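Geometric and topological summary
Here is what each chain is made of, one letter per residue.
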Amino acid sequence: MLKATTYGDVTRFDLARTLAGKGRYWTTAYLVDGLLIDTGCAFSAPELVRLLAGRPLDGIVNTHTHEDHIGANGPLQRKHAGLPVRAHPLALPVLADPLRQPLHPYRRLLWGRPEPSQSEPVSDGEVIETGRHRFQVVYTPGHSPDHICLYEPEQGWLFTGDLFVGGRDRALREGYDVWAIVASLKRIASLPSQRLFPGSARVRNNPAAELAAKIEHLEALGERVLALHRQGRSVDQIVHALLGRPMPIELITLGHFSRRWLVHSYLNERPA
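Below is a summary of the structure that appears in this document. (Residues numbered from 1 in each chain as written. Predicted model: local features only at pLDDT ≥ 70, side-chain atom pairs only at ≥ 80, totals over all residues. Heavy atoms only, no water.)

Remarks on the pattern of salt bridges
Within the structure shown, the criterion is met by 12 salt bridges. Put simply, Glu 115 and Arg 78 hold a salt bridge, and the shortest N to O gap is 2.2 Å. Of this pair, Glu 115 sits in the loop between helix 4 (105-110) and strand 7 (120-121) while Arg 78 is found in helix 2 (residues 73-79), placing the two residues 37 residues apart along the sequence. Given the relative accessible area of 32%, Glu 115 is considered partly exposed. By relative accessible area, Arg 78 is classed as exposed at 58%. (Salt bridge = Lys/Arg side-chain N within 4 Å of Asp/Glu carboxyl O. Helix = DSSP H or I, 4+ residues; strand = E, 2+ residues; numbered from the N terminus. Buried < 20%, exposed > 50% of the residue type's maximum accessible area, 1.4 Å probe, protein only.)

Next up, the structure:
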């Protein structure tokens, strides 16, 4: 399932697998001046390829290698010979062989298995130029080690992938680094932004206040977690004290995305 929305020069594609007639767990891709930022999941790839057939497409940038963001890379490269795909250096082995990344049952159900794609690395601070725009690459690890954001300073556009989608987190996926997420959020919050384009959820205008609130929430929750840990509380006791009742996503993901993983991430060594 695919829905397209235009924000000036930016076209947003909301993409999801169709199950029982409805899109399930939407993710987004953005097309601006021939540059496609992320490509959705494997299940939505044929529809995206068809929709882009009549539009100029000069390259792809992946914000990270989770399967709901790279699903149409391979099909688009087959259709557009020589189409460049750019990503963090750590992303390149996964893009070449997506099966290097384990796919849990819920991930296979919702997003499918991406095809391989050939890619080139981008460096922190590198500028990707299109005909009318210049996008600065910003390394933003935490959600994944290979996560990047893109910033267009003249327009004040900030493409955040899954670093920022909003909300007040009560759970985290195994392997995420919450303190790195906080540091990365502080980095993008320092950029003068007029419009934030997330990897899912709604587009935000003038996002500074929401970014600051997200940082404050995560830091305050972290301090409470650490305080209880210093008192000798177990992970389960901290979960019960701070994070409320069990969440449906914990059952759906068989515990891969859970309140416990959020607490475990906070208890890792905090970056200086």
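We are not done yet, so read on.
Points about the packing of helix 6 (residues 208-230) against helix 7 (residues 235-242)
Relative to each other, helix 6 and helix 7 sit at 135°, their axes nearing to 10 Å. By the angle between their axes, helix 6 is oblique relative to helix 7. At the point where helix 6 passes helix 7, the crossing takes the right-handed sense. Taken together, the residues of helix 7 that come into contact with helix 6 (itself represented by Leu 221, Arg 224, Val 225, Leu 228 and His 229) are Ile 238, Ala 241 and Leu 242. (Axes fitted to C-alpha atoms, helices over the stretch in contact; angles between N-to-C directions. Parallel < 35°, antiparallel > 145°, perpendicular 65-115°, else oblique. Left-handed = near helix turned anticlockwise from the far one by under 90°. Contact = heavy atoms within 4.5 Å.)

Some words on the pairing of strand 1 (residues 2-7)
Each regular strand carries side chains that alternate between the two faces of the sheet. In this sheet, strand 2 (residues 10-19) lies alongside strand 1 in antiparallel orientation, the contact comprising 6 bridges. Bridge pairing in strand 2 places Leu 2 opposite Leu 15. Hairpin connection of strand 1 to strand 2: 2 residues between the antiparallel strands, including Gly 8 at a positive phi of 65°. (Pairing = 2+ DSSP bridges.)

Regarding the sheet that holds strand 3 (residues 22-32)
Backbone-to-backbone hydrogen bonds join strands into a sheet, with any given pair of strands oriented parallel or antiparallel. With mixed pairing, the 7 strands of this open sheet are ordered in space as 1-2-3-4-5-6-7. In the strand order of this sheet, the two ends are held by strand 1 and strand 7, each with one partner.

Here we look at empty space enclosed by the protein
For the coordinates displayed, the defined rule picks out 1 cavity of 30 Å³ or more. Within this model, the largest cavity holds a volume of roughly 30 Å³. Around the largest cavity sit Thr 28, Tyr 30, Ile 37, Asp 38, Thr 63, Phe 159, Thr 160, Gly 161, Phe 197, Pro 198 and Gly 199, which together line it. The set of elements that each furnish at least two residues to the lining of the largest cavity consists of strand 3, strand 11 (157-161) and strand 13 (195-198). No other element matches the 3 residues that strand 11 contributes to the lining of the largest cavity. Here the lining of the largest cavity is composed, by residue class, of 5 nonpolar, 5 polar and 1 charged. (1 Å grid on protein atoms, 1.4 Å probe; cavity = no way out; pocket = protein on both sides within 12 Å on 5 of 7 lines; lining within 4 Å. Points joined across faces, edges and corners; volume = space filled by probe spheres on them. Nonpolar A, V, L, I, M, F, W, Y, C, P; charged D, E, K, R; others polar.)

A look at the pairing of strand 13
Here 4 bridges tie strand 11 to strand 13, and the two strands are oriented parallel to one another. In the strand pairing of strand 13, Leu 158 is matched with Leu 196. Inspection of the sheet shows strand 13 paired to strand 14 (residues 204-205) by 2 bridges, in the antiparallel sense. Paired with Arg 195 across the two strands is Asn 205, which belongs to strand 14. If you look at the hairpin formed by strand 13 and strand 14, you'll find 5 residues sitting between the two strands, and Ala 201 has a positive phi there, around 75°.

Notes on the nonpolar core
A general trend in soluble globular proteins is that nonpolar side chains are found buried together. Counting residues in each nonpolar core, the largest one holds 31 residues, and the members touching the most others are Leu 185 and Tyr 266. When contributions to this core are tallied by element, the ones reaching two or more residues are strand 10 (148-152), helix 5 (178-189), helix 6, helix 7 and helix 9 (259-267). The greatest single-element share of this core, amounting to 7 residues, is contributed by helix 6. What Leu 185 contacts, discounting residues up to four positions off in sequence, is Leu 163, Phe 164, Leu 211, Lys 214, Ile 215 and Leu 218. With 20 residues, the next largest nonpolar core counts Leu 2, Ala 72, Val 85 and Ala 87 among its residues. (Core = buried A, V, L, I, M, F, W, Y, C linked by side-chain atoms within 4.5 Å.)

Quick notes on the layout of surface pockets
In this structure, the largest pocket spans a volume of roughly 720 Å³. Put simply, the parts of the chain that give the lining of the largest pocket at least two residues each are strand 3, helix 4, strand 12 (172-173) and helix 8 (248-252). The element that contributes the greatest number of residues to the lining of the largest pocket is strand 3, accounting for 4 residues. The computed volume of the second largest pocket comes to approximately 300 Å³.

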